Amino acid sequence: MLSKLKINPSVLRPYIRAGVFLHDLLMIPAAWYLAYWLRFNLGTIPENSLQVATLMLPVVVLCQSISYFVFGLYRGIWRFASLYDFIRIGKSVYVGALIATLVIFAVTRMEQVPRSVIPLYMILLFVFLGGNRALYRSFKDQRMRAGGGKRVLIIGAGESAQMLARDMLQHARGEYLPVGMIDDNPDKLNREIHGIKVLGRFDDIPEVALRQSIDLIVIAIPSLSSTRMQKLVGICESAGTDFKTLPRLEDMISGQVTVNAIQEVSIEDLLGREKVELDRAMMQAGLSGKVIMVTGGGGSIGTELCRQVAGFAPQALVILERSEFNLYRIQTELENRHPQLNLVTVLGDVCDRQVAENVMQRYRPDMVFHAAAYKHVPILQAHPAEAVKNNITGTRITAEAASRFDCDKFVFISTDKAVNPTNILGATKRAGEIYCEGMNTVSSTRFITVRFGNVLGSDGSVVPLFREQIRAGGPLTVTHPDMTRYFMTIRESCQLILQASVVEQEGGIYVLDMGDPVRIDYLAEQMIRLSGKEPGEDIEIQYVGLRPGEKLYEELFYEDEAKETTANDKVFRARHASADWRMVRQVVTRLEQSLDTAGDGDIKRILAELVPQYRDSDSLDIDKVA
């Protein structure tokens, strides 16, 4: 009716609020006289007492009305009456009655005012005010439930699930109707939360979904580990019902769980691991008030590093990026999110010595995160000179500039492909590790290498490729049925990079705990299922063989590297004998001199002198590469 008359609901609010106040005002004499009636056992109230009660009623009404406003009774809405509203009612009733009693005592010395009337009045007024609000909310909830909406089964009965259920009942406008909860805690079985019954355990989901005609299952356990999430997703799939989830706790900025937070289950939910506990105080101390520089700050890793560094209030954040569009994108984002941030963006290439030195000299960064790199295995395999130029020469130029202008720390972002490399990417990254280790012996700058595996959703990773192939209807191309990789989310990898940059006491190579490796065909199968299709039926998986430079599995440590613990149990130090610095400089110089004249084979041979463990997979039996 309101929509037909085109009446703005805000116009009615003053009248609604006045009506609510009038109701509360009328409850005062009702409670006051009923308290007297109960005091005299529901019989006739003595005339003298009734006269005093009537005489003092204006005092009670005035004191109580003022107390209503002081305690904000009209900030709440009856439709969403909660425990906090009832606490406010209790406070306003108690304080209002107390002040009224003091005034009555001063006027009458409590003659003809029985002592028991005051507590009776307080109890009755609280019941009248709170009870009517509770009845109204119950009535509205019942109407909403009768109105339809998607029938929702909530997985979990913890705090997040309760917040979600309450938001569905209060704010979803009938779009969602929570009809039951599921939880593995036997103490919660058959209990009710916000009127919603816990109907079973995880294994009961298919049966409950069928019995209750469920339209949507929502997994409302943000702290769930990937192993349990995988199990739950499998159960939900067997129920044949659409299912969604809440973001992980670390991804929910506000910490509030609402209907708007519901999202599709992503591959990150299945492959992410238990929440990493970070020493934020240590990170704050290491980054706050410092000038931080990120090279390659417009790439996938660099962008996330910039986002997280900005949150620690650095003195300045300097971003060096050679892609104009990527630089514009991260600059715009950070200016919108952190308007107080002292942000410096520089369009330039780390391979340009003049650019690197000018930036270092002008801004004097305390810490440099060197994320600029080429990283696509097959492309670099076909262009070894470009790989050497960007990944080795760019690292050398940036590292030497940082040392020359007294940077405190230089953090080199490496990869698990640098361990026993079989491709140009891994070999050039290992060369970067060796060069940074050598710089530690001749520079006051501390050079830190952080080594980790594949980053889900990063530029050039397999996840975006699979998503494109699924959109095209398949097939998904998997190189080998036995291929495995270590995976991390971009957010987690960058958090651990920052942690490693402040946890260390000396330079060296730091390795992030990558958990267990994941089979690529399992990743493909799960992504197909999450798209609502069935692998092998709706979308095929096609094995195409290893590409140039690829191996079946990656490693995080060399055999001769000692794995040492650090202050963070997700960050380890790889300690081994350093290479001869003089030899390293000579080979790097010869390698760089060969780029314009030597062929690919010669470049690979010189690179193998610098990285003895490098074995070019192009010359090996592909099925034996591991």
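Residues numbered from 1 in each chain as written. Predicted model: local features only at pLDDT ≥ 70, side-chain atom pairs only at ≥ 80, totals over all residues. Heavy atoms only, no water.

Colleague: Which residues make up the overall build of the protein chain, and what values go with them?
Modeller: In terms of regular secondary structure, the protein chain is built from 21 helices and 21 strands. Per-residue burial for the protein chain yields a buried fraction of 52% across its 626 residues. For the protein chain, contacts bridging at least 24 residues in sequence account for 77% of all contacts bridging at least 6. With the model as given, the accessible surface of the protein chain reaches about 29300 Å², and the carbon-plus-sulfur share is 53%. (Helix = DSSP H or I, 4+ residues; strand = E, 2+ residues; numbered from the N terminus. Buried < 20%, exposed > 50% of the residue type's maximum accessible area, 1.4 Å probe, protein only. Contact = heavy atoms within 4.5 Å. Areas by Shrake-Rupley, 256 points an atom, 1.4 Å probe, with all protein chains shown as cover.)

Colleague: Tell me about the pattern of salt bridges, residues and numbers included.
Modeller: Scanning all chains against the criterion turns up 28 salt bridges. Glu 609 is paired through a salt bridge with Arg 590; the nearest N and O atoms lie 2.5 Å apart. Of this pair, Glu 609 sits in helix α21 (residues 600-610) while Arg 590 sits in helix α20 (residues 581-593); the two residues are 19 residues apart in sequence, bridging distant segments of the chain. Via salt bridges that share partners, Arg 353, Glu 357, Arg 396, Glu 400, Arg 404 and Glu 592 belong to a single interconnected network. (Salt bridge = Lys/Arg side-chain N within 4 Å of Asp/Glu carboxyl O.)

Colleague: Give a detailed account of the packing of aromatic side chains, specifying residues and quantitative values.
Modeller: By the definition in use, this model includes four aromatic pairs. Ring plane angle 70° and centroid distance 5.4 Å describe the contact between Trp 32 and Tyr 36, whose orientation is recorded as edge-to-face. Of this pair, Trp 32 and Tyr 36 are both found in helix α2 (residues 9-39), four residues apart, which corresponds to roughly one turn of the helix. Take Trp 32 and Tyr 36: they sit in the same class, and that class is buried. Here Trp 32 and Tyr 121 contribute two aromatic rings whose centre-to-centre distance is 5.6 Å and whose plane-to-plane angle is 85°, an arrangement assigned as edge-to-face. Of this pair, Trp 32 sits in helix α2 while Tyr 121 is found in helix α5 (residues 117-146), placing the two residues 89 residues apart along the sequence. Pair check on accessibility: Trp 32 and Tyr 121 agree, each one buried. An aromatic cluster of at least three residues, connected via ring pairs, comprises Trp 32, Tyr 36 and Tyr 121. (Phe/Tyr/Trp six-rings, centres within 6.5 Å; stacked < 30°, edge-to-face > 60°.)

Colleague: Describe the sheet that holds strand β2 (residues 176-182), listing the residues and the values that go with them.
Modeller: In spatial order, the strands read β3-β4-β2-β1-β5-β6; together these six strands make up an open sheet with mixed pairing. Of all the strands in the sheet, just β3 (192-193) and β6 (242-245) have a single pairing partner and so form its edges. Of the strand pairs in this sheet, strand β1 (residues 150-155) and strand β5 (residues 216-219) are connected by four bridges, and their pairing is parallel. Paired with Leu 153 across the strands is Ile 217, a residue of β5. (Pairing = 2+ DSSP bridges.)

Colleague: Give a detailed account of the confidence of the model for the protein chain, specifying residues and quantitative values.
Modeller: Low pLDDT marks stretches whose predicted atomic positions should not be read closely. For the protein chain, per-residue confidence averages 83 on the pLDDT scale, and 86% of positions sit at 70 or higher. Long-range and interchain partners of residues 1-9, a stretch whose pLDDT sits below 50, account for three contacts in this model, where long-range means more than four residues apart. Below pLDDT 50 for its whole length, residues 619-626 participates in twelve contacts with residues either more than four positions away or in separate chains. (pLDDT = per-residue confidence, 0-100.)

Colleague: Can you explain unusual backbone geometry? Please cite residues and give values.
Modeller: Here the amide bond leading from Gly 474 into Pro 475 is cis, since omega sits at 0°, within 30 degrees of zero. For Ser 213, which is not a glycine, the phi torsion comes out positive at approximately 55°. Here Ser 213 is to be found in the loop between α7 (205-211) and β5. Of note in this structure, Asn 420 is not a glycine but carries a positive phi near 45°. Structurally, Asn 420 is set in the loop between β11 (409-415) and α16 (424-442).

Colleague: Before we move on, could you go through the nonpolar core and cite the residues and values that matter?
Modeller: Where a protein is soluble and globular, its nonpolar side chains tend to be buried together. Counting residues in hydrophobic clusters, the biggest one holds 48 residues, and the most contacted among them are Phe 410, Leu 607 and Leu 610. Apart from the residues within four sequence positions on either side, Leu 610 is in contact with Ala 431, Ile 434, Val 584, Val 587 and Val 588. The next biggest cluster of nonpolar side chains, apart from the first, holds 44 residues, and it includes Leu 327, Ile 330, Tyr 486 and Val 502. (Core = buried A, V, L, I, M, F, W, Y, C linked by side-chain atoms within 4.5 Å.)

Colleague: Report on the sheet that holds strand β7 (residues 291-295), specifying residues and quantitative values.
Modeller: Here nine strands make up an open sheet; going across it, the order is β9-β8-β7-β10-β11-β12-β17-β21-β20 and the pairing mixed. Of all the strands in the sheet, the pair left with one neighbour each is β9 (343-347) and β20 (562-565). Adjacent strand axes in the sheet meet at a mean angle of 25° when their direction is disregarded. Where strand β12 (residues 446-452) lies against strand β17 (residues 508-512), four bridges are found, and the strand directions are parallel. In the strand pairing of β17, Thr 449 is matched with Ile 509. (Axes fitted to C-alpha atoms, helices over the stretch in contact; angles between N-to-C directions.)

Colleague: Could you give an account of helix α13 (residues 353-363), with specific residues and numbers?
Modeller: Buried residues of α13: Ala 356, Glu 357, Val 359 and Met 360, and no others. Down the axis of α13, the buried set is contained in an arc of 160°. They therefore lie on one face. Against the buried residues of α13 lie β7, β8 (316-321), β9, β10 (367-370) and α15 (384-404). Among the residues trailing α13, Arg 364 stands out with phi positive, at a value near 45°. (Arc of directions from axis to C-beta.)

Colleague: Please provide a residue-by-residue account of the side chain of Asp 416, values included.
Modeller: Within the element layout of this structure, Asp 416 appears in the loop between β11 and α16. Not counting residues within four places of it along the chain, the set of residues in contact with Asp 416 comprises Arg 451, Phe 452, Gly 453, Asn 454, Tyr 486, Glu 554, Glu 555 and Leu 556.

Colleague: If you had to explain the pairing of β8 to someone new, which residues and values would you point to?
Modeller: With six of its six residues buried, β8 lies for the most part within the structure. Side chains Ala 316, Val 318 and Leu 320 of β8 all project onto a buried face; the interleaved residues Leu 317, Ile 319 and Glu 321 project onto the opposite face, where all are buried too. Sheet topology note: the β7/β8 ladder contains five bridges and is parallel. Looking at β8, one finds that Met 293 is bridged to Val 318. Between β8 and its parallel partner β9, the chain crosses via helix α12 (residues 324-337), and the hand of that crossover is right-handed. (Right-handed = clockwise from strand over helix to strand, strands pointing away.)

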